[in-house]
Structure formats: structure tokens, C-alpha cells
Amino acid sequence: MADFLKFYPDGKYLYVEIIAKEYMKHQPNTKEGMDKIVEVIRPIVSELERFCDAKKLKEITVVNLEGVNLAQIKPEYTIKLITLLHSERPDFKHLERIDIINGNLQFEMMYDVVKFGLPGPLKKIIKFKT
């Protein structure tokens, strides 16, 4: 189920790539679905923290939107999932930036609407890259 996550260290960073097209196959649309994904992702997030501590790395998360249709996204539980995972590491000890790539103007417009549901610290580090 975590096949939508890819990890690669490079220099002083650990890049965590979220392949949105793969995530969409597991996208939750119920609380139970969200809980199932959280069960899988929670230990990965904890391991990321330990890995970054041990290797003295900063993290950059890359959300790759290639091949994703805006109409397929169910924002309610995706925002809840992001918020829940944020609560696992609220101080962002290692997370430096979240880059959203391969999106388009529609994704940016949608983000402008849904960003109000995200935790404040997340909004500050999210950047759209063209």
C-alpha cells in the first residue's frame, strides 16, 4: 500500500517522493480507509525521523502530480490524512520543504481553496514547481 512513496538520499537531503498517481489507487474516501493508510504510513514517518537523525539529513518531500486528473482527488480525507500525519511530527524537525511538481494551474487553484484546512506550518513550506 505504501507503493506511492519513494525515498532517495542526496547530499544533505532525504527526498521523499509521493507518486500521486499511485496514491490515487489507495486514496481514502471514508474514515476507515484513512485509518488503514495511517496504519501503514505511521511507522514509515517514524522511521524517516530516525533515519534523518542518524544521517543528519533534512527532508524535502516532492509531491509528483504527473498523470493525475483533478476530478479524481477527494480532498476531505486527504487533508485529514495530511493533518494526522503532521500531528506525528508537529515540530518539522527535518522537513524543510514540500515541492509540488507536474501540476497545473487547476491544481494551484484547488490548493488555494483547500489550504485553509491544512496546519499552518505546512502552508508555509509548500511550493509549486513548474
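Sequence order as written defines the numbering, with residues in each chain counted from 1. Local features are withheld for residues below a pLDDT of 70 in this predicted model, meaning they are given only at 70 or higher, and side-chain atom pairs are given and counted only at 80 or more; totals for whole chains, interfaces and linings count all residues. As a convention, hydrogens and water are excluded, and side-chain values are obtained from all of the structure's heavy atoms.

Asker: Teacher, can you tell me more about the overall build of the protein here?
Answerer: For the protein, the helix and strand inventory stands at five helices and five strands. In sequence order, the protein lays out its α and β elements as β-β-α-α-β-α-β-α-α-β. Since a compact globule built from 130 residues should have a radius of gyration of about 14 Å, the 14 Å found for the protein is in line with a globular shape. Considering only C-alpha atoms, the protein reaches an extent of 40 × 35 × 25 Å along its principal axes. Considering the protein as a whole, with its 130 residues, one finds that 39% of them fall into the buried category. Within the protein, counting contacts between residues at least 6 apart in sequence, those at least 24 apart form 79% of the total. What counts as a helix is a DSSP run of H or I of at least four residues, what counts as a strand is a run of E of at least two, and both are numbered from the N terminus. Each radius of gyration is computed over the set of C-alpha atoms, and the globule rule expresses the reference value as 2.2 Å times the number of residues to the power 0.38. A 1.4 Å probe rolled over the protein chains alone gives each residue an accessible area, and that area as a share of the maximum for its type sets the label: buried under 20%, exposed over 50%, partly exposed in between. When checking whether two residues touch, look at their non-hydrogen atoms; a contact exists if any pair is within 4.5 Å.

Asker: Hey, could you run me through the side chain of Glu49 in this one?
Answerer: Assignment of secondary structure puts Glu49 in helix α2 (residues 31–55). Once you skip the residues sitting within four places of it in the chain, Glu49 turns out to touch Arg89, Lys93 and His94.

Asker: Looking at this structure, I do not really get the sheet that holds strand β5 (residues 126–128). What am I missing?
Answerer: The strands making up a sheet are joined through hydrogen bonds of the backbone, oriented either antiparallel or parallel. As summarised here, the arrangement of the five strands in space is β1-β2-β3-β4-β5, forming an open sheet in which the pairing is mixed. Here the strands that pair on one side only, and so sit at the sheet edges, are β1 (5–10) and β5. Here the strands of the sheet are splayed against their neighbours by 20 degrees on average, with no regard to which way each runs. The pairing of strand β4 (residues 95–101) with β5 spans three bridges and is classified as parallel. From the neighbouring strand, Ile100 faces β5, where its bridge partner is Phe128. With respect to the sheet, α2 is in contact with β1, β2 (13–19) and β3 (58–64), its orientation differing from that of β2 by roughly 160 degrees. Whether two strands pair comes down to DSSP finding at least two bridges between them. Lines fitted to the C-alpha atoms define the axes, with helices restricted to the stretch that makes contact. Angles between their N-to-C directions range from 0 to 180 degrees.

Asker: Please explain the environment of Ile79 as it appears in this structure.
Answerer: Following the sequence through the fold, Ile79 ends up in helix α3 (residues 75–88). Taking relative accessible area as the criterion, Ile79 reaches 17% and is therefore assigned buried. Residues Ile79 and Lys115 lie 36 residues apart in sequence; the distance between their C-alpha atoms is 8.7 Å. In this view, Ile79 contacts Val114, Gly117 and Leu118; residues no more than four positions away in its chain are not counted.

Asker: For this particular structure, what's the right way to read the side chain of Glu59?
Answerer: Along the polypeptide, Glu59 turns up in strand β3. Residue contacts for Glu59: discarding those within four places in its chain leaves Leu14, Val16, Leu48, Cys52, Arg89, His94, Leu95, Glu96 and Arg97.

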